[in-house]
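What follows is each chain in one-letter form.
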Amino acid sequence: MLAASVIVSGNNYGKFKLLCQALGLSLISESTFLRFQKHCAAPVVEEVWRDMNNVVKEVFKAYEDICLCGHGRTYSPGHSVRYCVYTLMEHFTSAVIDFEVIDKQETGGNSTTMEKEALRRLLENLVTVFPFDEVTTDASSTVIKLVRDLKGEPSTCTFLYKPK
C-alpha cells in the first residue's frame, strides 16, 4: 500500500525516502519499490487508462465537429532533451483524448522531430477512430504540413501563437 500511495501521489522513491528518514520511519528498499511499480502498479494504471480512454473515444464518436488541441512537452529545452510527451485534448470539454510519449532514440536521436512524430502517431490513430475537423497547436510549419497530409485535404489548423 505504501509503494502504491507514493506512485499515485506523483512522488518518487527518493522524495519519500527523505520524508521517512526525517520522521524516523522504516521503509521498503528501492529495489522492492521499483519491482512493485513495474509488476503491480504500472499495469493497473495502464489498464485503467486504456479503459477510460476507450470510453472517451466512444463518447466523441457521436460528435461531428471535433476540435483537438495539442501540445508537446519536453522536460528540458535544447539538445539534451530525451523524452517528449504530446497530449491531445478536446477543446470544449477539455477531455484528454490521448497522449504519446516519444524517446529521442525513436526519431534517430533527433530531438527536434519528436513533437512532430508524436503528433503523427496520435493523429494516425485518431483518424481511424473518429473524424476531427480542427487541430489547434503551436505554429509549426512541419505540424501544418503533417495535418494536411494526414487529412488528405486542406484542413483547418489554428495556432496558439504565430511565429514572428
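These remarks concern the structure in this document. Going along each chain's sequence as written, the residues are numbered from 1 onward. In keeping with the predicted nature of the model, local features appear solely for residues at pLDDT of at least 70, side-chain atom pairs appear and are counted solely at 80 or more, and the whole-chain, interface and lining totals rest on all residues. Calculated side-chain values reflect all of the structure's heavy atoms, with hydrogen atoms and water omitted.

## A closer look at a nonpolar patch on the surface
Thought 1: Only residues above 30% relative accessible area that lack a salt bridge enter a patch, with like-charged residues linked at up to 9 Å and the nonpolar side chains Val, Leu, Ile, Met, Phe, Trp and Tyr linked at up to 5 Å. Note on areas: Shrake-Rupley, 1.4 Å probe, and residue coverage restricted to the protein chains presented here. The working definition used for a salt bridge is a side-chain nitrogen of Lys or Arg within 4 Å of a carboxyl oxygen of Asp or Glu. There is a patch of nonpolar side chains on the surface, built from W49, Y75, Y83, V85, V96, F99 and V101 and spanning about 600 Å² of accessible area.
Thought 2: Mapped onto the nonpolar patch, the elements with two or more residues apiece are β2 (83-90) and β3 (96-103).
Thought 3: By the criteria applied, helices consist of DSSP H or I runs no shorter than four residues and strands consist of E runs no shorter than two, each listed in order from the N terminus. Within the fold, V101 resides in strand β3.

## Remarks on the packing of aromatic side chains
Thought 1: Each Phe, Tyr or Trp ring, with Trp reduced to its six-membered ring, pairs with another whose centre is within 6.5 Å; inter-plane angles below 30 degrees give stacked pairs, above 60 give edge-to-face pairs, and intermediate values give tilted ones. Using the criterion set out here, one finds two aromatic pairs in the structure.
Thought 2: Residues Y13 and F33 carry aromatic rings whose centres are separated by 5.4 Å and whose planes lie at 40 degrees to one another, so their mutual orientation is tilted. Placement of the pair is Y13 in helix α2 (residues 13-23) and F33 in helix α3 (residues 30-60), with a sequence separation of 20 residues.

## Details of the side chain of E100
Thought 1: Within the secondary structure, E100 is located in strand β3.
Thought 2: Using a 1.4 Å probe on the protein chains alone, a residue whose accessible area is under 20% of its type maximum counts as buried, one over 50% counts as exposed, and one in between counts as partly exposed. Since its relative accessible area comes to 18%, E100 is described here as buried.
Thought 3: A distance of 3.4 Å separates polar atoms of two side chains, one belonging to E100 and the other to R121.
Thought 4: By the convention used here, residues are in contact when the closest approach between their heavy atoms is within 4.5 Å. Ignoring anything within four residues of it in the chain, the contact list for E100 reads C84, V85, Y86, A118, R121 and L122. Polar contacts, as used here, are pairs of N or O atoms within 3.5 Å; protein pairs need one atom able to donate a hydrogen and one able to accept it. Residues neighboring in sequence count only if both atoms are side-chain atoms.

## Focus on the nonpolar core
Thought 1: Buried Ala, Val, Leu, Ile, Met, Phe, Trp, Tyr and Cys residues form a nonpolar core when they are joined through side-chain atoms within 4.5 Å. Ranked by size, the top nonpolar core spans 23 residues in total, and within it F60, L68, L88, I97, L119 and L123 carry the most contacts.
Thought 2: Residue assignment for this core shows that the elements contributing at least two residues are α3, β2, β3, α4 (114-129) and α5 (141-151).
Thought 3: The greatest single-element share of this core, amounting to six residues, is contributed by α4.
Thought 4: Excluding anything up to four places from it in sequence, L119 contacts Y86, L88, V143 and L146.
Thought 5: Counting residues in each nonpolar core, the second largest holds six residues, with V6, Y13, C20 and F33 among its members.

## Observations regarding unusual backbone geometry
Thought 1: A positive phi angle, close to 60 degrees, is found at S94, a residue other than glycine.
Thought 2: Residue position: S94 is located in the loop between β2 and β3.

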